[in-house]
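Coordinate inspection notes
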Amino acid sequence: MYLNGVLLARVDNMHVTFKFNVTDYLVNGDNEIKFIFPSFDAYIKELDKDVNLPHWTSGTLKGFMHVRKAHYMVGWDWGPRLP
């Protein structure tokens, strides 16, 4: 997360609430906030490439266990793979 071009945080856990004091980074007038969402599929493949963990089910994306994201978002026996 960037505020006015300053990197404030890099977070990767959808199960935690984050709060940031941004007072020192605000300017008078317009402020710009920017979020970057990299490719989830590429991210988990990178994390998984040097690890020899079993892929527990064919219904999910390989490497999903490396991230703190609801596992049903990467496939389940009842739903699609929507990372």
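Here goes a summary of the coordinates provided. Computed from a predicted model, the values in this text were never measured in an experiment.

Reading guide: rules and limits
- Residues numbered from 1 in each chain as written.
- Predicted model: local features only at pLDDT ≥ 70, side-chain atom pairs only at ≥ 80, totals over all residues.
- Heavy atoms only, no water.
- Phe/Tyr/Trp six-rings, centres within 6.5 Å; stacked < 30°, edge-to-face > 60°.
- Buried < 20%, exposed > 50% of the residue type's maximum accessible area, 1.4 Å probe, protein only.
- Helix = DSSP H or I, 4+ residues; strand = E, 2+ residues; numbered from the N terminus.
- Polar contact = N/O pair within 3.5 Å; in protein donor to acceptor, adjacent residues only side chain to side chain.
- Contact = heavy atoms within 4.5 Å.
- Salt bridge = Lys/Arg side-chain N within 4 Å of Asp/Glu carboxyl O.
- Pairing = 2+ DSSP bridges.

What follows concerns the packing of aromatic side chains. The description of an aromatic ring pair uses the distance of the two centres, along with the angle that the planes make with each other. One pass over the structure, following the stated rule, counts 2 aromatic pairs. Centre to centre, the rings of Phe 18 and Phe 20 are 6.3 Å apart; their planes meet at 5 degrees, and the pair counts as stacked. Under the relative-accessibility criterion, Phe 18 is labelled partly exposed at 37%. Judged by its relative accessible area of 37%, Phe 20 falls in the partly exposed class.

As for its position among the elements, Asn 13 is in the loop between β2 (6-7) and β3 (33-34). Here the side chain of Asn 13 touches His 15 through a polar contact of 2.8 Å, landing on its backbone nitrogen.

The next subject is the side chain of Asp 48. For Asp 48, the location among the structural elements is in helix α1 (residues 40-48). Residue contacts for Asp 48: discarding those within four places in its chain leaves Lys 62, Gly 63, Met 65 and His 66.

Here we come to the pattern of salt bridges. For the structure shown, the criterion picks out 2 salt bridges. A salt bridge links Lys 45 to Asp 41; its shortest N-O distance comes to 3.1 Å. Remark: Asp 41 and Lys 45 occur in helix α1; sequence separation between them is 4 residues, near one turn of the helix. Given a relative accessible area of 52%, Lys 45 falls into the exposed group. Residue Asp 41 is classed as partly exposed on the basis of its relative accessible area of 28%. Notably, a salt bridge pairs Glu 46 with Lys 49, separated by 3.1 Å at the nearest N-O pair.

Attention now moves to the sheet that holds strand β1 (residues 2-3). A sheet is described by the order of its strands in space; here 3 strands give the open sequence β2-β1-β3, paired in antiparallel fashion. Both outer strands of the open sheet, β2 and β3, are each paired with one neighbouring strand and no more. Direction of pairing for β1 relative to β3: antiparallel, over a ladder of 2 bridges. Bridge pairing links Tyr 2 to Lys 34 in β3.

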